[in-house]
Amino acid sequence: MEIAKALILTGRTPDDRPWPSVRFGPKQLVPVAGRPILFHNLEALRRAGMLEATIALEPESAEPIVEAVGDGSAWNLAVRYVTWQPSTGLGGALAAARTFLADEPVLVGPGD
């Protein structure tokens, strides 16, 4: 089975602990080795052969992530966005992305 799509979950869940170094903004944009964590994830997905990704965004942190990632062309990926409430869990994210996912296999992972 070949997986060509990824669903990346962003946002804070009720059980998340705050990162002391992150005072504001999404933790997926915290730099590690000079680049946001999310960028490292997108690069790894492309190296693994992924062609498309959907980023599930928490409405409160959507704008800076969309501005930073754009259409995904920097990683040679087609990136889409859906909004979801992290409190709905994985099921809520899958439901929000159901049009993108269709009946194809998908890799699901956190953006941080």
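Here, every reference points to the structure presented above.
Residues numbered from 1 in each chain as written. Predicted model: local features only at pLDDT ≥ 70, side-chain atom pairs only at ≥ 80, totals over all residues. Heavy atoms only, no water.

Just checking my understanding: could you explain the overall build of the protein for this structure?
Within the protein, the secondary structure is distributed over 4 helices and 6 strands. Seen in sequence order, the protein has helices and strands lined up from the N terminus as β-β-β-α-β-α-β-α-α-β. Across the 112 residues of the protein, 39% fall into the buried class. Accessible surface, the protein as shown: approximately 6400 Å² in total, 56% of it carbon and sulfur. (Helix = DSSP H or I, 4+ residues; strand = E, 2+ residues; numbered from the N terminus. Buried < 20%, exposed > 50% of the residue type's maximum accessible area, 1.4 Å probe, protein only. Areas by Shrake-Rupley, 256 points an atom, 1.4 Å probe, with all protein chains shown as cover.)

Is there a simple way to explain unusual backbone geometry in this structure?
In the Ramachandran plot, Asn-76 falls in the positive-phi region, its phi being about 60 degrees despite a non-glycine side chain. Take Asn-76: it is sitting in the loop between helix H2 (62-69) and strand E5 (78-83).

It is not clear to me how helix H1 (residues 37-47) should be interpreted in this structure. Could you clarify?
An α-helix turns once per 3.6 residues; consequently, residues spaced three or four apart project the same way. Of the positions making up H1, those classed as buried are Ile-37, Leu-38, Phe-39, Leu-42 and Leu-45. On its buried side, H1 packs onto strand E1 (5-9), strand E2 (31-32), strand E3 (35-36), strand E4 (52-57), H2 and strand E6 (106-110). (Contact = heavy atoms within 4.5 Å.)

Can you walk me through the sheet that holds E6 in this structure?
By way of backbone hydrogen bonds, the strands of a sheet pair with one another, either parallel or antiparallel. Reading across the sheet, the 4 strands line up as E5-E4-E1-E6 and stay open at both edges, with parallel pairing between neighbours. The sheet terminates laterally at E5 and E6, the two strands that pair on one side only. Sheet twist, expressed as the average angle between the axes of neighbouring strands with direction ignored, equals 20 degrees. Of the strand pairs in this sheet, E1 and E6 are connected by 5 bridges, and their pairing is parallel. If you follow Leu-7 over to E6, its bridge partner there is Val-108. Sitting on the sheet, H1 is in contact with E1, E4 and E6, with an inclination near 165 degrees to E1. (Pairing = 2+ DSSP bridges. Axes fitted to C-alpha atoms, helices over the stretch in contact; angles between N-to-C directions.)

Looking at this structure, how should I read the packing of aromatic side chains?
The geometry of an aromatic ring pair comes down to the distance between the two centres and the angle between the two planes. This model, assessed by the stated rule, comprises 1 aromatic pair. Between Phe-39 and Trp-75, the aromatic rings sit 4.8 Å apart at their centres with planes inclined by 65 degrees, giving edge-to-face as the arrangement. In this pair, Phe-39 sits in helix H1 while Trp-75 sits in the loop between H2 and E5, placing the two residues 36 residues apart along the sequence. For the pair formed by Phe-39 and Trp-75, the shared burial category is buried. The ring centre of Phe-100 lies 4.6 Å from the NZ or CZ of Lys-5, which sits over that ring. (Phe/Tyr/Trp six-rings, centres within 6.5 Å; stacked < 30°, edge-to-face > 60°. Lys NZ or Arg CZ within 6 Å of the ring centre and 35° of its normal.)

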